[in-house]
Amino acid sequence: MDISHFKNSKTHIWFCDVLGYEIMVKLEVEKNETVESYSDLIRCINKWDVKLLDKLDPIIFDYYEDTLLMCGETEPQIESPKDIWSHLKISSLKIFTHGSAFYVMADGFCDWEVEHGLEIDFNEFFDILYVGSFIGNGFYEDPKNPSYGNYVCG
């Protein structure tokens, strides 16, 4: 995926090699910005790799365990953080700005929280800012102080 995919349309279907499936990518360009201003972030998304998943494994696993505990559920049984990816699917990425910074919000489905799903938010440096149930980007109010339910901060 490169910036040229967004010249005529602000959406693109991207095949994520590390996850092994397609993800809808939506670029939300502000009035005073150009598509080109997002090019560095788009290049970073292409670099999603096993190291990124390794960083996310324990955080998403904490979300899974707490959700089952809060709901009194016992299913699905996921043995370890490494097994978490077989129980979720990222369906879309939204690339946008908030203030003067760029962000990516990944959202999708997970077997343990069918109603609220999963959201993962990154900043332009690919620091993980929020992991939890889908709320439309978990750090929107203040990126330095994410909302309740953020398993990055847990």
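Going along each chain's sequence as written, the residues are numbered from 1 onward. This being a predicted model, a pLDDT of at least 70 is required before a residue's local features are given, and a value of 80 or more before pairs of side-chain atoms are given or counted; all residues contribute to the totals for chains, interfaces and linings. Note that the side-chain values use all heavy atoms of the structure and ignore hydrogens as well as water.

*Asks:* So what's going on with the layout of surface pockets? Which residues, and what values?
*Replies:* Grid spacing is 1 Å over the protein atoms alone, the probe is 1.4 Å, and a cavity is where that probe fits but cannot get out, while a pocket is an open set with protein on both sides within 12 Å along at least five of seven lines and lining residues have an atom within 4 Å of a point. Grid points are joined across faces, edges and corners, and a volume is the space filled by probe spheres set on the points. When its volume is computed, the largest pocket comes out at roughly 180 Å³. Y63, D66, T67, M70, E113, H116, Y130, S133, Y148, G149 and Y151 are the residues that line the largest pocket. A breakdown of the residues in the lining of the largest pocket according to their chemical character gives 5 nonpolar, 4 polar and 2 charged. Roughly 150 Å³ of volume is contained in the second largest pocket. The biggest single contributor to the lining of the second largest pocket is helix α2 (residues 50-71), with 3 residues. Its residues placed into classes, the lining of the second largest pocket shows 4 nonpolar, no polar and 4 charged. Residues are grouped as follows: Ala, Val, Leu, Ile, Met, Phe, Trp, Tyr, Cys and Pro are nonpolar; Asp, Glu, Lys and Arg are charged; every other residue, Gly included, is polar. Numbering of helices and strands starts at the N terminus; helices are DSSP runs of H or I of at least 4 residues and strands are runs of E of at least 2.

*Asks:* Any chance you could break down the nonpolar core for me, citing the residues and the numbers?
*Replies:* In this description, a nonpolar core means a group of buried Ala, Val, Leu, Ile, Met, Phe, Trp, Tyr and Cys residues linked to one another through side-chain atoms lying within 4.5 Å. Buried means the residue's accessible area, taken with a 1.4 Å probe over protein chains only, is under 20% of the maximum for its type, while exposed means over 50%, and partly exposed covers the values in between. Ranked by internal contacts, the top residues of the largest apolar core, which has 44 residues, are W48, I90, L93 and W112. Counting residues per element, the ones that place at least two in this core are β1 (11-16), β2 (21-27), α1 (39-45), α2, β3 (88-98), β4 (101-110), β5 (118-123) and β6 (128-132). When residues no more than four places from it in sequence are discounted, the contact partners of I90 are L19, Y21, E22, I23, W85, A106, D107, G108, L118 and I120. Residues A101, Y103, M105 and F139 belong to the second largest nonpolar core, which totals 6 residues. In what follows, residue pairs with any heavy atoms lying within 4.5 Å of each other are defined as contacts.

*Asks:* Requested: an account of the pairing of β6, with residues and values cited.
*Replies:* Within β6, 5 of the 5 residues are buried, which leaves the element mostly enclosed by the surrounding structure. Any two strands with at least two DSSP-identified bridges between them are counted as paired. As paired elements, β5 and β6 share 4 bridges and run antiparallel to each other. Bridged to I120 within β6 is V131. Hairpin connection from β5 to β6: 4 residues lie between these consecutive antiparallel strands, with F126 at a positive phi of about 60°.

*Asks:* Residue-level account of empty space enclosed by the protein, with values.
*Replies:* The tally for this structure, following the rule as stated, stands at 1 cavity of 30 Å³ or more. Empty space within the largest cavity amounts to approximately 30 Å³. Lining the largest cavity are W48, L52, L56, W85, I90, A106, I120 and F122. Those elements that place two or more of their residues in the lining of the largest cavity are α2 and β5. Looking at the lining of the largest cavity residue by residue, the class counts come to 8 nonpolar, no polar and no charged.

*Asks:* How would you explain the side chain of K94 if you had to name every residue and give the values?
*Replies:* If you trace the backbone, K94 turns up in strand β3. In this count, Lys and Arg are taken as positive residues and Asp and Glu as negative ones, while His and the chain termini are left out. Whenever Lys or Arg places a side-chain nitrogen within 4 Å of a carboxyl oxygen from Asp or Glu, that contact is recorded as a salt bridge. In this structure K94 is buried but unpaired, with E28 as the nearest side chain of opposite charge at 4.0 Å. The contacts of K94, once residues within four sequence positions are left out, are K26, E28, Y103, V104, M105 and G136.

*Asks:* Before we move on, could you go through the sheet that holds β4 and cite the residues and values that matter?
*Replies:* Neighbouring strands of a sheet are bound in pairs by backbone hydrogen bonds; such pairs are parallel or else antiparallel. On the basis of which strands lie adjacent, the open sheet formed by 6 strands has the order β1-β2-β3-β4-β5-β6 and mixed pairing. Strand pairing shows two members of the sheet lacking a second neighbour, β1 and β6, which therefore form its edges. Each adjacent strand pair in this sheet contributes to an overall mean axis angle of 20°, direction not counted. When β1 meets β2, the two strands line up antiparallel, connected through 6 bridges. Following the sheet pairing, C16 is matched in β2 by Y21. Axis geometry follows a simple rule: fit a line to the C-alpha atoms, using only the stretch in contact for helices, then measure angles between N-to-C directions, giving values from 0 to 180 degrees. Packing against the sheet, α2 makes contact with β3, β4, β5 and β6, and its axis sits at approximately 40° to β6.

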